Structures are given as structure tokens and as C-alpha cells.
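For reference, the chains in residue letters:
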Amino acid sequence: MNVALPDRLSRQLGFIVESERLKSVLRRTSPIHATERRENSAEHSWTLALMAMVLAEHAEGNPDSCKVLRMLLIHDLVEIDAGDTFCYDLDANVTKAEREARAADVIFGMLPEEQSLEYRSLWEEFEAGISAEAKFANALDRLMPTLQNMHNEGGSWREHGVTSALALERSRPIGVGIPTLWAQVQTYLVEAEQQGWLTATPADSSPFPPS
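Residues numbered from 1 in each chain as written. Predicted model: local features only at pLDDT ≥ 70, side-chain atom pairs only at ≥ 80, totals over all residues. Heavy atoms only, no water.

> Residue-level account of the overall build of the protein, with values.
Broken down by element type, the protein carries 11 helices and zero strands. The secondary structure elements of the protein, listed N-terminal to C-terminal, are α-α-α-α-α-α-α-α-α-α-α. Relative to the compact-globule value of 17 Å for 211 residues, the protein shows a C-alpha radius of gyration of 18 Å, a close match. Reported as C-alpha extents along the three principal axes, the dimensions of the protein are approximately 60 × 40 × 30 Å. Looking at the 211 residues of the protein, the share that counts as buried comes to 43%. Put simply, of all contacts in the protein between residues at least 6 apart along the chain, 68% involve residues at least 24 apart. In the structure as shown, the protein presents an accessible area of about 11400 Å², 54% of it carried by carbon and sulfur atoms. Distance between charge centroids for the protein: 2 Å, based on 19 positive and 32 negative side chains. (Helix = DSSP H or I, 4+ residues; strand = E, 2+ residues; numbered from the N terminus. Rg over C-alpha atoms; globule rule 2.2 N^0.38 Å. Buried < 20%, exposed > 50% of the residue type's maximum accessible area, 1.4 Å probe, protein only. Contact = heavy atoms within 4.5 Å. Areas by Shrake-Rupley, 256 points an atom, 1.4 Å probe, with all protein chains shown as cover. Lys, Arg positive; Asp, Glu negative; His and termini not counted. Charge placed at Lys NZ, Arg CZ, Asp CG, Glu CD.)

Written out as C-alpha cells, the structure is:
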């Protein structure tokens, strides 16, 4: 027999149940200790939240740690409907903002109004990348795939023929949000190119099929 729940609680539970779908959204990167499979976006979000706690002392601009954690835990929820857009897939990135905005309407719209507005605002702040919290969160979002690819013999870089120039450009938010790590990240990219995990020659065409 079902219990009649208040509308607010019913909407919150519905949102939580829907968020479970993020565990089925696969990314292009593989976990460092499970290279036989691709990680999912929920795993990615959890790892970033852990990184935010561990690396907080190195963040530029003294961001609010609690706000950073909340931002990271919801930043990829739009992928439930929009899917994970591989950062080096130029064709898919053309429509990424539009697809994710529509998905944000759906997923955050499930919540009671004030929570819907709050979480949508946090997501938009992350995407804008302007506040100290968003800069740190975005730095972590770029750092983790770099660490994964470095420990997985190139991982998604090597699989998709990513150039060192593209990897460097993708990594730049790390230098903004966590400046003390920027020299190390550049060293990683040089090493990856030397190992043949990144190519120094731009491809004549995109290695990705049309979206």
C-alpha cells in the first residue's frame, strides 16, 4: 500500500530516483585501476568531490568548499538526457550547450521551485567558470581525466588521436583554478607526447563520426 507523500517530498524522491540514471552514462575515460571498462559520470562526479576536499588548500581565490562540493555533485546531471559529450569531438560540441540547457530544464525542474532554481543556478555558475568556486571545480574536472590518461598509457588521448596542442588547451583551466599544479600538468603533457600518447601533428580531419 502506497503512502500519500507531501508533494514536496514526492518531487525530491523523484529527483533522486532519476539521478540514478547518471550511473549508466558512460564517459570516454577509464578508471585508473579498471582499464577494461569506461567510467560512468556518477563515478566521475564522486571522484571530483573527493578531490575538492583533498586539494582545497591549493585552490586559487579561497573558494567556499561546501559550494564547490555541491556544484561538483550536480554539474553532470544534465548528461542523463544530453549524454556525455567528449571534449575533443568538435561536431558534438557545437550542439552541447543547447542540449544540456534543455536537459537542465528537465532534471532540475523535477525539484520543488526553490531547489530547482538553486541547483540550476549552481550548474550555470559551473558552466560559466567565472567565480572562484567554478574555477576550482572546472580545474578538477580537467585534472582527473589527465591523471587517468597518464596512468592508462594515454587512454582516451591515444584512442582518439588527440594532439598535444588540443590537450594543452583543454587543460588550461587547471592553471587558473589550481596554479601550483600547472607546471606539473604541462610536464605530464610533454611526457605523454614523448611516449606517443599524444600526437604533435594536427589531424587533417576529425577522428570522430558525425553526431
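> Could you give an account of helix 10 (residues 164-177), with specific residues and numbers?
Here helix 10 contains 14 residues, and its C-alpha end-to-end distance of 21 Å stays within 8% of the 20 Å for a straight helix at 1.5 Å per residue. A bend of about 35° at Arg170 is the largest found in helix 10, and the proline Pro173 appears one to four places after it. Buried residues of helix 10: Ser164, Ala167, Ser171, Ile174 and Gly177, and no others. Looking at the buried side of helix 10, the elements it contacts are helix 8 (132-151), helix 9 (155-159) and helix 11 (182-195). (Expected span 1.5 Å × (residues − 1). Bend = angle between axes of the 7 residues up to and from the residue.)

> Now, about helix 7 (residues 113-128): what can you tell me, with residues and values included?
Here helix 7 spans 22 Å end to end across 16 residues, near enough to the 22 Å set by a 1.5 Å rise per residue. Of all the residues in helix 7, the buried ones are Gln115, Ser116, Tyr119, Arg120, Leu122, Trp123, Glu125 and Phe126. After helix 7 finishes, the residue Gly129 shows a positive phi value of roughly 65°.

> Explain a nonpolar patch on the surface to me, using residue names and the numbers behind them.
Together, Val3, Leu5, Leu9, Leu13 and Ile16 make up an exposed nonpolar region whose accessible area comes to about 450 Å². Positionally, Leu9 belongs in helix 1 (residues 7-19). Overall, the relative accessible area of 35% leaves Leu9 in the partly exposed class. (Patch = residues over 30% accessible without salt bridge, like charges linked within 9 Å, V, L, I, M, F, W, Y side chains within 5 Å. Salt bridge = Lys/Arg side-chain N within 4 Å of Asp/Glu carboxyl O.)

> Describe the side chain of Thr146, and please don't skip the residues or the numbers.
For Thr146, the position within the fold is in helix 8. Exposure remark for Thr146: the relative accessible area of 4% places this residue in the buried category. Among residues more than four places away in sequence, those in contact with Thr146 are Trp157, Ser171, Ile174 and Tyr188.

> Go over the pattern of salt bridges, please, and point to the residues and values.
Two side chains bearing opposite charge may form a pair once their charged atoms approach each other closely. Applying the stated criterion across every chain yields a total of 13 salt bridges. Between Lys23 and Glu20 there is a salt bridge; the shortest N-O distance is 2.6 Å. Since its relative accessible area comes to 47%, Lys23 is described here as partly exposed. We note a salt bridge from Glu39 to Arg27, for which the minimum N-O separation is 2.8 Å. Taken as a pair, Glu39 in the loop between helix 1 and helix 2 (41-54) and Arg27 in the loop between helix 1 and helix 2 lie far apart in primary sequence, 12 residues in all.

> An account of the nonpolar core is requested, with residue identities and associated values reported.
Formed by 36 residues in total, the largest nonpolar core has its most connected members in Leu72, Leu77, Phe108, Phe136 and Leu140. Contributions of two or more residues to this core are made by helix 2, helix 3 (65-74), helix 4 (79-82), helix 6 (96-109), helix 7, helix 8 and helix 11. When neighbours within four sequence positions are excluded, Leu72 is seen to be in contact with Ser45, Leu48, Ala49, Ala52, Phe126, Ala137 and Leu140. Among the nonpolar cores identified, the runner-up in size contains 10 residues, and Leu189, Ala192, Trp197 and Leu198 belong to it. (Core = buried A, V, L, I, M, F, W, Y, C linked by side-chain atoms within 4.5 Å.)

> Describe unusual backbone geometry, and please don't skip the residues or the numbers.
Positive phi outside glycine occurs at Asn62, with the angle close to 50°. Note on placement: Asn62 falls in the loop between helix 2 and helix 3. Exposure remark for Asn62: the relative accessible area of 72% places this residue in the exposed category. If you check the backbone angles, Glu153 has positive phi at about 55° while not being a glycine. Relative to the assigned elements, Glu153 resides in the loop between helix 8 and helix 9.

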